[in-house]
Structure formats: C-alpha cells, structure tokens
Amino acid sequence: MDAKTCNESRVVRTGRIFPNDVNNHNTLFGGKLMSDMDMIASISAVRHARKEVVTASTDSVDFLSPITQQDSICIESFVTFTGTSSMEVFVKVIAENLITGNRKIAATAFLTFVALDKNGKPTKVPGIVPESEEEKKLFETGKDRAEKRKEHRKNSKELASYFTTEKPWE
C-alpha cells in the first residue's frame, strides 16, 4: 500500500459566525465548533483511506482564542500520522476578523479515526509522507501522541470497569 502526502487528505472550509452559533458570552459555541471539527476531520480520514471511517478518539480540543460574530473561521484538517488501521488527523481553526483582517489560531485538535472494511472491521491504511515544516513536525511527534493515546485508552477502560449502568433516578 503506497504512502500518501498530508496534502492529499487536506480539507479546508471557511464560514461565518451567525447569532445562532454563539453562546451566552457572544462567542462561538464550543460544541458547535467541535462538531464541525469532527466533520471536517472525518473527510480527511476518508480521503486518506478511501474507506469508511469511525471516530476513535479526540485527544484534545484546545480553544486558544475566542471567536466572535465579527470573525470568519477557516477550519483546516489533514492526516498527520497513521498506524495499521488508524489515522491521526490534525485540525486547526483560524479566525479572521472580517473588518480588520487580523488572523489568529483560535483552536486546534487531534482526532483519531479507524478505517473500516465492507464488514465493518478495521482495515489497513496507507502511510503518510509529510512535506511542509508544519507537516513534518506533526509527523515526527505523532508516534509519541499515539503511544499516549494507547495508554489513555487503557486507563479509560480500566476506570470504566468501575462505572455502573444502573438508573440512578429509579
């Protein structure tokens, strides 16, 4: 299976912020941004694998700067690192004040997707070939993030074994 460049999975979407998109602080509602980030990242994962995918995890969503109704947002995603069937997708959100033209990194995230075969089972994905300095840095640090994800997942499963499925309201 041939490796692919990060650019082959790149997705860019630009949009405006409207009153129904903001919270009680008049900034973009974080849940809406997270949903949009997952949507864009899933397209990157499918472009890379050319197979159906499922979201396996969201490592982090870092809200770095508030986004207001005066801003447009550009959400960019691409595959940065791969395992056997998993793909790490980096998402960055750039907010641009439409009046001043000032641009800032407003949010970043790493999401992991697993490619599925026709039977819904994990299947192999191509490797990744980084080209730009940004892509190279994300690729070089990808293995460390993948190891941390595995450890975190193990700890989450262990902790989940203590959780109850009882209905507390009954």
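Residues numbered from 1 in each chain as written. Predicted model: local features only at pLDDT ≥ 70, side-chain atom pairs only at ≥ 80, totals over all residues. Heavy atoms only, no water.

For the chain, an unreviewed UniProt entry supplies the name Acyl-CoA hydrolase and the organism Neobacillus niacini. Note on the chain: under the UniProt heading Sequence similarities (unreviewed entry), the record states "Belongs to the acyl coenzyme A hydrolase family." (UniProt positions renumbered as here; feature names shortened; annotations may be inferred.)

1. A short note on the packing of aromatic side chains
Under the counting rule described, the total for this entry stands at three aromatic pairs. Pairing Phe-78 with Phe-90 gives two aromatic rings, centres 5.9 Å apart and planes at 70 degrees, and the pair type is edge-to-face. Taken as a pair, Phe-78 in strand 4 (residues 71–82) and Phe-90 in strand 5 (residues 86–97) lie far apart in primary sequence, 12 residues in all. The same class applies to Phe-78 and to Phe-90, which are both buried. On the basis of an interplanar angle of 45 degrees and a centroid distance of 5.8 Å, the ring pair of Phe-81 and Phe-139 is categorised as tilted. Of this pair, Phe-81 sits in strand 4 while Phe-139 sits in helix 2 (residues 133–140), and the two are 58 residues apart along the sequence. On the accessibility criterion, Phe-81 (16% relative accessible area) is buried. Put simply, the rings of Phe-78, Phe-90 and Phe-110 pair up and form one aromatic cluster. (Phe/Tyr/Trp six-rings, centres within 6.5 Å; stacked < 30°, edge-to-face > 60°. Helix = DSSP H or I, 4+ residues; strand = E, 2+ residues; numbered from the N terminus. Buried < 20%, exposed > 50% of the residue type's maximum accessible area, 1.4 Å probe, protein only.)

2. Description of the UniProt feature "domain: HotDog ACOT-type" (unreviewed entry) in the chain
In this structure's numbering, the residues bearing the UniProt feature "domain: HotDog ACOT-type" (unreviewed entry) are residues 7–119. Within residues 7–119, the helical portion is 18% and the strand portion 50%, while the C-alpha atoms at the span's ends are 29 Å from each other.

3. Some details on the side chain of Lys-4
Within the secondary structure, Lys-4 is located in strand 1 (residues 4–5). For the buried residue Lys-4, which engages in no salt bridge, the nearest side chain bearing the opposite charge is Glu-8, 5.4 Å off. Polar side-chain contacts of Lys-4 include one of 2.8 Å to the backbone oxygen of His-48. Among residues more than four places away in sequence, those in contact with Lys-4 are Arg-47, His-48, Arg-50, Pro-126, Gly-127, Ile-128 and Val-129. (Lys, Arg positive; Asp, Glu negative; His and termini not counted. Salt bridge = Lys/Arg side-chain N within 4 Å of Asp/Glu carboxyl O. Polar contact = N/O pair within 3.5 Å; in protein donor to acceptor, adjacent residues only side chain to side chain. Contact = heavy atoms within 4.5 Å.)

4. What to know about the pattern of salt bridges
By the definition in use, this model includes 12 salt bridges. Two residues, Arg-10 and Glu-76, come together in a salt bridge whose shortest N-O distance is 2.3 Å. With Arg-10 in the loop between strand 1 and strand 2 (11–16) and Glu-76 in strand 4, this residue pair connects regions lying 66 residues apart in the sequence. Accessibility expressed as a relative area gives 17% for Arg-10, which makes it buried. On the basis of relative accessibility, which here comes to 12%, the residue Glu-76 falls in the buried class. Between Lys-32 and Asp-36 there is a salt bridge, with the nearest N and O atoms lying 3.1 Å from each other. Of this pair, Lys-32 and Asp-36 both sit in helix 1 (residues 30–49), four residues apart, which is roughly one turn of the helix. Residue class for Lys-32 comes out partly exposed when judged on its relative accessible area of 29%. Taken together, the shared-partner salt bridges connect Arg-10, Glu-76, Lys-92, Glu-134 and Glu-135 into one network.

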